[in-house]
Amino acid sequence: MPEVPPPEPTGDELLKVLSALGNPHRLRIVAALMERRNYVSALAREIGMGRPLLHMHLQRLEAAGLVVGTLELSEDGKAMKYFEVAPFCYRLTPHVIARAATTITEPTDKTNKADQPAQTTQSAKTAKTAKEEAK
């Protein structure tokens, strides 16, 4: 029986996945979890990252559907969250991107603050002054 290709992602799904993978730390986390599933503390030691930062990256990867976390009890009754790579396959072509772009639900005028330079305090004051003078 031939393998059925996965459905093409929506624009929102594709943005979430690409954003999650657009960080070198998260790429290293996925690579480490390919070797074996692991719990947060051990994974943090393995890749040399603090647990709070690792947890933030894992949440981002989990939200994008790239990793799965499960809570388990250790022998001594301590709750431990294990993570493993979720099965995924994305095929990126210009056609896939063009179709995904037509399904993006976020408004086009909404901008990503990370993609814009921060507005300086002086320019913010100047803009505010100009608005007040226009009244």
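Nothing here was measured: the structure is a model prediction, and the numbers come from that model.

J.: Sorry, what's going on with the overall build of the chain here?
T.: When its secondary structure is counted, the chain shows 6 helices and 3 strands. Going residue by residue from the N terminus, the α and β elements of the chain occur as α-α-β-α-α-β-β-α-α. Out of the 135 residues belonging to the chain, those deemed buried represent 24%. Intrachain contacts of the chain at a sequence separation of at least 6 include 53% that bridge at least 24 residues. With the model as given, the accessible surface of the chain reaches about 10200 Å², and the carbon-plus-sulfur share is 57%.

J.: Would you mind going over the nonpolar core with me for this structure?
T.: Note on soluble globular proteins: their nonpolar side chains tend to be buried together. Of all hydrophobic cores here, the largest spans 17 residues; its most connected members are Ile 29, Leu 33, Leu 43, Leu 54, Leu 58 and Leu 61. When contributions to this core are tallied by element, the ones reaching two or more residues are helix H1 (11-21), helix H2 (24-35), helix H3 (40-47) and helix H4 (51-63). In terms of residue count, the dominant contributor to this core is H2 (4 residues). Ignoring any residue separated from it by four or fewer positions in sequence, one finds Leu 43 in contact with Ile 29, Ala 32, Leu 33, Asn 38, Leu 54 and Leu 58.

J.: Would you take a moment to explain the pairing of strand S2 (residues 67-73) for this structure?
T.: Looking down a regular strand, the side chains alternate between one sheet face and the other. Summarising the sheet, S2 and strand S3 (residues 79-85) pair through 7 bridges and their orientation is antiparallel. Bridge pairing in S3 links Gly 69 to Phe 83. Where S2 hands over to S3, the hairpin turn is made up of 5 residues, of which Gly 77 adopts a positive phi near 85°.

J.: So what exactly am I meant to see when it comes to the pattern of salt bridges here?
T.: As enumerated under the stated definition, the model contains 4 salt bridges in all. The closest approach of N and O atoms between Arg 36 and Glu 46, which form a salt bridge, is 3.1 Å. Pair noted here: Arg 36 is in the loop between H2 and strand S1 (38-39) and Glu 46 is in helix H3, with a separation of 10 residues, a long-range link. Its relative accessible area of 37% is what places Glu 46 among the partly exposed residues. Between Glu 72 and Arg 37 there is a salt bridge; the shortest N-O distance is 2.8 Å. Here Arg 37 lies in the loop between H2 and S1 and Glu 72 lies in strand S2, a separation of 35 residues in the sequence. A relative accessible area of 30% means that Glu 72 is categorised as partly exposed.

J.: Just checking my understanding: could you explain the sheet that holds S1 for this structure?
T.: Adjacent strands of a sheet pair through backbone hydrogen bonds, lying either parallel or antiparallel. Spatial strand order, S1-S3-S2: 3 strands in an open sheet with antiparallel pairing. Of all strands in the sheet, those with a lone pairing partner are S1 and S2, marking the two edges. H2 rests against S1, S2 and S3 of the sheet, and its axis sits at about 95° to S3.

J.: So what exactly am I meant to see when it comes to a nonpolar patch on the surface here?
T.: Residues Leu 18, Leu 92 and Ile 97 make up a contiguous nonpolar surface patch of about 260 Å² in total accessible area. Turning to its location among the elements, Ile 97 is positioned in helix H5 (residues 94-101). The exposure class of Ile 97 is partly exposed, given its relative accessible area of 43%.

J.: How should the environment of Arg 36 be read in this particular structure?
T.: Residue classification places Arg 36 among the partly exposed positions, given a relative accessible area of 46%. C-alpha separation for the pair Arg 36 and Glu 84, spaced 48 residues apart in sequence, amounts to 7.0 Å. Separated by 3.1 Å, the side chains of Arg 36 and Glu 46 make a polar contact.

Conventions and cut-offs
Residues numbered from 1 in each chain as written. Predicted model: local features only at pLDDT ≥ 70, side-chain atom pairs only at ≥ 80, totals over all residues. Heavy atoms only, no water. Helix = DSSP H or I, 4+ residues; strand = E, 2+ residues; numbered from the N terminus. Buried < 20%, exposed > 50% of the residue type's maximum accessible area, 1.4 Å probe, protein only. Contact = heavy atoms within 4.5 Å. Areas by Shrake-Rupley, 256 points an atom, 1.4 Å probe, with all protein chains shown as cover. Core = buried A, V, L, I, M, F, W, Y, C linked by side-chain atoms within 4.5 Å. Pairing = 2+ DSSP bridges. Salt bridge = Lys/Arg side-chain N within 4 Å of Asp/Glu carboxyl O. Axes fitted to C-alpha atoms, helices over the stretch in contact; angles between N-to-C directions. Patch = residues over 30% accessible without salt bridge, like charges linked within 9 Å, V, L, I, M, F, W, Y side chains within 5 Å. Polar contact = N/O pair within 3.5 Å; in protein donor to acceptor, adjacent residues only side chain to side chain.

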